[in-house]
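# Working through the structure, step by step
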Amino acid sequence: MTDDTQKRIGEMVASNDVLLFMKGSPLFPQCGFSSKAVAILNHLGVEFGSVDVLQDQGVRQGIKAYSDWPTIPQLYVKGEFVGGSDIMMEMFDSGELGQLFAEKGLVSAS
C-alpha cells in the first residue's frame, strides 16, 4: 500500500466527525454488516460520512492496514477508530455508542 493511500485515508478520517468505511452506500449497503452499521448510526441520529470501499481497491485494502483491522465496515469517530459492525452492535446494545456520540457532542444526550 502506498503512502498516498494512507494519507488519503487519514484526510478522509480527519475531515469527518463520524466516518463509516463500508461496502456500498448508506442508501444501498452492499453487505449485511454494512447495512447493520448504517442502521445503528441512523437509529442514534448521528450525521456521518461514508466511503464505499468497493469503488476504490486502494482504499479497500489500505483501510485494513490503516486501522490494523481486517474487516469492513469500519467506524471512525473524531479521528479515532471505534471498530467494525460487531463492536458497534455490542456498544449500541450496552449504550456505549450513544454515550460516545453524546460525549463528543455529535448527538444530544438521551
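The structure this text deals with has already been given above.
Below is a summary of the structure that appears in this document.

So, how was this worked out
Residues numbered from 1 in each chain as written. Predicted model: local features only at pLDDT ≥ 70, side-chain atom pairs only at ≥ 80, totals over all residues. Heavy atoms only, no water. Helix = DSSP H or I, 4+ residues; strand = E, 2+ residues; numbered from the N terminus. Buried < 20%, exposed > 50% of the residue type's maximum accessible area, 1.4 Å probe, protein only. Polar contact = N/O pair within 3.5 Å; in protein donor to acceptor, adjacent residues only side chain to side chain. Contact = heavy atoms within 4.5 Å. Axes fitted to C-alpha atoms, helices over the stretch in contact; angles between N-to-C directions. Parallel < 35°, antiparallel > 145°, perpendicular 65-115°, else oblique. Nonpolar A, V, L, I, M, F, W, Y, C, P; charged D, E, K, R; others polar. Core = buried A, V, L, I, M, F, W, Y, C linked by side-chain atoms within 4.5 Å.

## Notes on the side chain of S34
Mapped onto the fold, S34 is located in helix 2 (residues 32–44). Look at S34 and you get buried, because its relative accessible area is 0%. Within the structure, S34 has its side chain in polar contact with the backbone nitrogen of K23 (distance 3.0 Å). Sequence-distant contacts of S34, that is, excluding residues within four places in its chain, are made with M22, K23, P29 and P73.

## Considering the packing of helix 1 (residues 3–14) against helix 3 (residues 57–67)
Running from N to C, helix 1 and helix 3 cross one another at 80 degrees; their axes reach a closest spacing of 9 Å. Accordingly, the angle class assigned to the pair helix 1 and helix 3 is roughly perpendicular. In this structure, helix 1 contributes T5, Q6, R8, I9, G10, M12 and V13 to the contact, and helix 3 contributes G58, V59, G62, I63, A65 and Y66. Grouping the amino acids of the contact of helix 1 with helix 3 by side-chain chemistry returns 7 nonpolar, 5 polar and 1 charged.

## A word on the nonpolar core
Of all hydrophobic cores here, the largest spans 18 residues; its most connected members are L20, L41, L75, M88, L97 and F101. For this core, the secondary structure elements donating two or more residues are strand 1 (18–22), helix 2, strand 3 (74–77), helix 4 (85–94) and helix 5 (96–103). In terms of residue count, the dominant contributor to this core is helix 2 (4 residues). Ignoring sequence-local partners within four residues, the contact set of L75 consists of V18, L19, L20, L41, E80, F81, V82, G83, M88, L97 and F101. If you look at the next biggest cluster of nonpolar residues, it comprises 11 residues, including V13, V59, I72 and Y76.

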